[in-house]
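Understanding the architecture of this molecule
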Amino acid sequence: MCAMTHPASPELDPELYLPRMASVVAVESMTAREKFFKVELSKPLGHRPGQFVMLSLLGIGEAPISISCGPRHDNILEMVIRNAGSLTRVLHRLQPGARVGIRGPFGSGFHLDDFNGKDVVCIVGGLGLAPLRSLIQPIIAQPQRFGSITIISGCRTPAEELYRDELESWSRMDQDKVSVIRLVDKTANLPWNGKIGLVTAPIPDLKINPARTLVALCGPPVMYKFVLMELKALGIPNSQIFVDLERRMKCGVGQCGHCQINHVYCCQEGPVFRFDRIENLQEALQ
Ligand SMILES: Cc1cc2nc3c(=O)[nH]c(=O)nc-3n(C[C@H](O)[C@H](O)[C@H](O)COP(=O)(O)OP(=O)(O)OC[C@H]3O[C@@H](n4cnc5c(N)ncnc54)[C@H](O)[C@@H]3O)c2cc1C
Ligand code: FES
């Protein structure tokens, strides 16, 4: 049965509600819709992979944004932001030197120690690479700590691929250790050196031992059902699959109820869930 999550107590640390001001130090276009942001805080964020921050602009608004870098000792935070609405439209116009508000880090995230000695499979679709990069980076940086590392990354067309240089550099690592499979639904007449197909296509051919494999999954909602079916066919138990689920969020700290999946508060118990803990929640994969 899924552990019941209670909203955080009203005596919550007031710092959780107060944005810390941070400076934008770099903004780079990644695709037509996504920009890479590097911001500098006054102290290290101290996050785990898979956590998120509440990013705000005074007078405009606030939205949850995934942390896209692995844990670090400096004051830098990296994010990928899609131009999707009122806040992100303004964020896309920012230049280095602009000031933004940051609350967090929030959410469950991944515990790297869970992955020690395991074969790791990361399956990402589209913008899902942004949060999972925060897990992939520390794993790739210490490959001796883990078994084999497989990254399956899919997007609609080559023009929508995020972090191409990094995916390509990971694919040039020791191929007995790291394997990167890049896919697009269609090439749209653009140059492409990966495969064509859905992220589900390579799963049946993965050479893994289900007993010692952990899978992390993040992508558009439609992807989950089909990927989970393929993982089941491979014999990977739900307790070895982590899914990153997004819900609308306001407070980020278990107070407003905006993010609820049935009785579970996604902002606190998620957005990363071990799949066996939520598989019976009706609203989980909607
Ligand atoms: C944990 C988490 C991590 C996230 N990480 C990232 C990330 O790394 N990068 C990123 O770009 N985005 C991320 N998002 C999504 C991002 O928070 C949203 O896209 C956010 O709404 C953008 O804010 P906005 O004000 O620019 O857009 P909004 O004005 O909120 O609009 C965004 C879209 O949502 C629609 N919308 C707005 N309100 C509602 C509503 N109540 N019901 C249904 N639809 C609505 C709008 O029509 C529009 O299409 C994340 C979300 C969560 C929960
Ligand atoms: S309870 Fe407010 S966002 Fe989760």
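Below is a short write-up of the structure. (Residues numbered from 1 in each chain as written. Chains lettered and ligands numbered in written order. Predicted model: local features only at pLDDT ≥ 70, side-chain atom pairs only at ≥ 80, totals over all residues. Heavy atoms only, no water.)

We now examine the sheet that holds strand E15 (residues 272–274). Read across the open sheet, the seven strands follow the order E10-E9-E8-E7-E11-E12-E15; overall the sheet is mixed. At either end of the open sheet lies a strand with only one pairing partner, and these are strand E10 (195–196) and E15. Pairing analysis gives six bridges linking strand E7 (residues 119–125) to strand E11 (residues 213–218), with the strands arranged parallel. Within E11, the residue paired with Val-124 across the bridge is Cys-218. Most of the contacts of helix H3 (residues 164–171) go to strand E9 (residues 178–184), to which it runs at about 140 degrees, and overall it touches strand E8 (149–155) and E9. (Pairing = 2+ DSSP bridges. Helix = DSSP H or I, 4+ residues; strand = E, 2+ residues; numbered from the N terminus. Contact = heavy atoms within 4.5 Å. Axes fitted to C-alpha atoms, helices over the stretch in contact; angles between N-to-C directions.)

On to unusual backbone geometry, then. For the peptide bond that leads from Gly-104 to Pro-105, omega is 10 degrees, which places it in the cis range. Mapped onto the secondary structure, Pro-105 falls in strand E6 (residues 99–106). Residue Pro-271 follows Gly-270 across a cis peptide bond; omega there is 5 degrees. By the element assignment, Pro-271 lies in the loop between helix H5 (266–269) and E15. The phi torsion at Ala-188 lies on the positive side, around 50 degrees, for a residue other than glycine. Along the chain, Ala-188 falls in the loop between E9 and E10.

Turning next to helix H2 (residues 129–141). Counted at 1.5 Å a residue, the expected span for H2 with its 13 residues is 18 Å, and the 17 Å between its end C-alpha atoms agrees. For H2, the principal kink sits at Leu-135 and spans about 30 degrees; a proline, Pro-138, occurs within the next four residues. Most of H2 sits out of view: 11 of its 13 residues are buried. Taken residue by residue, H2 has Leu-129, Ala-130, Pro-131, Leu-132, Arg-133, Ser-134, Leu-135, Ile-136, Pro-138, Ile-139 and Ile-140 as its buried positions. (Expected span 1.5 Å × (residues − 1). Bend = angle between axes of the 7 residues up to and from the residue. Buried < 20%, exposed > 50% of the residue type's maximum accessible area, 1.4 Å probe, protein only.)

Next up on the list: the sheet that holds strand E3 (residues 52–57). The strand order across the open sheet built from six strands is E4-E3-E6-E1-E2-E5, with neighbouring strands paired in antiparallel fashion. Either end of the sheet is taken by a strand with one partner, and the two such strands are strand E4 (61–66) and strand E5 (76–82). Strand-to-strand, the axes of this sheet are offset by a mean angle of 40 degrees, without reference to chain direction. As judged from the seven bridges shared by strand E2 (residues 34–40) and E5, these two strands associate in the antiparallel manner. Each residue of the ladder has a partner; that of Lys-38, found in E5, is Glu-78.

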